[in-house]
2 protein chains.
Amino acid sequence: MCAPDVLAAVGERLGRREFLKWGGAAAAAGILAGCGGSRASGAGVSLRVRNVQGLTHTLNSAFPIWPGFAPIQITNVRSFEKDGFFANTWQAPEHHGTHVDAPIHFGKGAWSADQIPDQALVSPVVLIHVHDRAESNPDTQVTVEDLRAWERQHGKIPEGAAVLMHSGWEARAGDINSFRNMDGKGTMHFPGFSKEAAEFLLKERTINGIGVDTLSLDHGASQDFAVHFGLLPANKWGIENLANLAKIPPAGATLFVGLPKVQGASGGTARILAVW
Amino acid sequence: MCAPDVLAAVGERLGRREFLKWGGAAAAAGILAGCGGSRASGAGVSLRVRNVQGLTHTLNSAFPIWPGFAPIQITNVRSFEKDGFFANTWQAPEHHGTHVDAPIHFGKGAWSADQIPDQALVSPVVLIHVHDRAESNPDTQVTVEDLRAWERQHGKIPEGAAVLMHSGWEARAGDINSFRNMDGKGTMHFPGFSKEAAEFLLKERTINGIGVDTLSLDHGASQDFAVHFGLLPANKWGIENLANLAKIPPAGATLFVGLPKVQGASGGTARILAVW
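These numbers were taken from a predicted model, which means no experiment stands behind them.

Undergrad: How should I be thinking about the overall build of chain A in this particular structure?
TA: When its secondary structure is counted, chain A shows nine helices and 13 strands. Of the contacts made within chain A by residues no fewer than 6 positions apart, 71% connect residues no fewer than 24 positions apart. For chain A, the exposed surface amounts to about 10300 Å²; the carbon and sulfur share of it is 49%.

If you want it as structure tokens, here you go:
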């Protein structure tokens, strides 16, 4: 048996309010079952969530979208005045707003949105900051050295990780031209993952997917979409246009990828949450 | 300081594979920080997720929908053959498949999908089984006594709970007529929450929302939508057409509500995950 003060300390650690919210003594009993405590039900250990951070931009028709695609259109179909309740319908592209690229987007025969195992939508976060470089160089990319530097500080990239790039690009999301950052020749300039970093994550580590706060997993000037073609056909997902990455820790958070389960979908606008 | 065997016991509790996956000793150190351990970063306590269960039906145009609404239409817009990659667009009603009713759906001025705080999308699960009654009585409803019976077994309904009804109705989801279960007069018959249970949850407990495995929070024969009108205007959400509720524990799981963050939306098709 654990000493009672250990049980009390767990409660203190969680904070009294959260401790009660998440089941109080029952949760602590679960946490400490390895100390010899017994549990009344087969319910499993309650999660102890102290922080929830949304990583999702609000989506409307003005949100930046990849050139050549039609933005979401939201049409009202039921109103309080006429019907007593309220509802809309959307003409929604699969790749607008904060959204997921399902593996089938660039991998013929790879997983569509409904085929991604739910377990692959719950992932430990590895957050790579490149915002310092991005301020002066919009073509900067996440390198293998960035990944190795993270590992020197936080340990090996965990199995099933979501490796996320924070470039600070979301500050431009209110202006489609600034977000795309297109030059006179029509080439866009924004940060993304390098081909080599994607290869490292695919071959040397075991990840669930990657994410960026820009329009594309590949940097804007990429002509070959090497990151898309490297990772997606291997059944890794990608998330584009993430928000609020500056507000989560570099390690220790868990990502929930709320991708609608639409049959055959190549992706979709999604609610992304980080908890820790 | 805690004894080393407590640290080891936490690892054992998690299972070696999960222990390593979720950060190993670092996670244990976080869990046991209350014992006097120190932590290297501000990363917070890693979650220890042993089970992930999807609660989402795959959505296609054949999935049952409320009478009078047009089902999702999925249109291909990019193909491997022509474009080198694959993408679709959806004409998607906000209330089809496993989906969320945002508070604004029945509450003028209440939260739209984008206004729901992210914290309200992460909730301890309270699972109410009514499938035994539903087999013989499709009009059965979740009662206040069902909620009190759950509390006698598991303790008070936790703050911020997601109270979910399992009626077994998903077995009918492949047949729209069986799922709606409409009689000769056009009245549908399937289980839902009772008005009294909704009032109890609103006034006597503090919940985030409720969910059902049928077409509506209200039972099918309801003529007044009392549960919708009772809960949604008070900024509680609802989830309809949940799947796999028989596979999660009655208490102890955490629900993640992956509702797309579409501006002004009255709801939307959503990915729902339970973890414990």
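Undergrad: Please explain unusual backbone geometry as it appears in this structure.
TA: Glycine aside, residues mostly have negative phi, and peptide bonds are mostly found in the trans state. Residue and element names in this part refer to chain B. The residue Asn235 is not glycine, and still its phi comes out positive at about 60 degrees. Tracing the backbone shows Asn235 in the loop between helix H9 (226–231) and strand S10 (237–240). Positive phi is not limited to glycine here, since Asn244 has a value of about 65 degrees. In this structure, Asn244 sits in the loop between S10 and strand S11 (251–258). Overall, the relative accessible area of 18% leaves Asn244 in the buried class.

Undergrad: Even after reading the chapter, I still don't get the nonpolar core, so can you show me in this structure?
TA: The nonpolar side chains of a soluble globular protein tend to be buried, and buried together. One finds A:Trp237, A:Leu255, A:Val257, B:Trp237, B:Leu255 and B:Val257 to be the most contacted residues of the largest nonpolar core, which totals 92 residues. Discounting residues that sit within four places of it in the chain, A:Val257 has contacts with A:Val100, A:Leu121, A:Trp237, A:Ile239, A:Arg271, A:Ile272 and B:Arg271.

Undergrad: Would you explain the packing of aromatic side chains in this entry?
TA: Any two aromatic rings considered together are summarised by their centre-to-centre distance and by the angle between their planes. Per the counting criterion, the structure on display carries 15 aromatic pairs over all chains. Relative to B:Phe85, the ring of A:Phe69 has its centre 6.5 Å away and its plane inclined at 45 degrees; by these criteria the two rings are tilted. Note that A:Phe69 is positioned in the loop between strand S1 (52–54) and strand S2 (73–78) and B:Phe85 in the loop between helix H4 (80–83) and strand S3 (87–93), a pairing that runs across two chains. Relative to B:Phe256, the ring of A:Phe256 has its centre 3.3 Å away and its plane inclined at 10 degrees; by these criteria the two rings are stacked. Within this pair, whereas A:Phe256 is found in strand S11 (residues 251–258), its partner B:Phe256 is found in strand S11, the two belonging to separate chains. Classification of B:Phe256 by relative accessible area gives buried; the value is 2%. Joined through ring pairs, the aromatic side chains of A:Trp66, A:Phe69, A:Phe106, A:Phe225, A:Phe229 and B:Phe85 make up one cluster. The aromatic ring of A:Trp169 is capped on one face by A:Arg172, whose charged end is 3.8 Å from the ring centroid.

Undergrad: In this structure, what is going on with empty space enclosed by the protein? I would like to understand it.
TA: Regions of empty space are outlined by a rolling probe, equal in size to a water molecule, passed over the atoms. Inspection of the entire model under this criterion finds one cavity of 30 Å³ or more. Approximately 60 Å³ is the volume found for the largest cavity. Along its surface, the largest cavity is lined by A:Phe256, A:Val257, A:Gly258, A:Arg271, A:Leu273, B:Phe256, B:Val257, B:Gly258, B:Arg271 and B:Leu273. Listing elements by their share of the lining of the largest cavity, those giving two or more residues are S11 and strand S13 (271–275) of chain A together with S11 and strand S13 (271–275) of chain B.

Undergrad: Before we go on, may I ask you to explain the sheet that holds S1(A) in this structure?
TA: Strand pairing in a sheet is mediated by backbone hydrogen bonds. Such pairs are either parallel or antiparallel. Residue and element names in this part refer to chain A. Taking strand neighbours across the sheet as the criterion, the nine strands line up as S1-S13-S11-S5-S7-S9-S10-S4-S12 in an open arrangement whose pairing is mixed. Of all strands in the sheet, those with a lone pairing partner are S1 and strand S12 (267–269), marking the two edges. Neighbour-to-neighbour, the strand axes of this sheet turn through a mean angle of 25 degrees, independent of strand direction. Pairing geometry for S11 and S13, over five bridges, is antiparallel. Along S13, the bridge assignment pairs Thr254 with Val275.

Definitions and limits used
Residues numbered from 1 in each chain as written. Chains lettered and ligands numbered in written order. Predicted model: local features only at pLDDT ≥ 70, side-chain atom pairs only at ≥ 80, totals over all residues. Heavy atoms only, no water. Helix = DSSP H or I, 4+ residues; strand = E, 2+ residues; numbered from the N terminus. Contact = heavy atoms within 4.5 Å. Areas by Shrake-Rupley, 256 points an atom, 1.4 Å probe, with all protein chains shown as cover. Buried < 20%, exposed > 50% of the residue type's maximum accessible area, 1.4 Å probe, protein only. Core = buried A, V, L, I, M, F, W, Y, C linked by side-chain atoms within 4.5 Å. Phe/Tyr/Trp six-rings, centres within 6.5 Å; stacked < 30°, edge-to-face > 60°. Lys NZ or Arg CZ within 6 Å of the ring centre and 35° of its normal. 1 Å grid on protein atoms, 1.4 Å probe; cavity = no way out; pocket = protein on both sides within 12 Å on 5 of 7 lines; lining within 4 Å. Points joined across faces, edges and corners; volume = space filled by probe spheres on them. Pairing = 2+ DSSP bridges. Axes fitted to C-alpha atoms, helices over the stretch in contact; angles between N-to-C directions.

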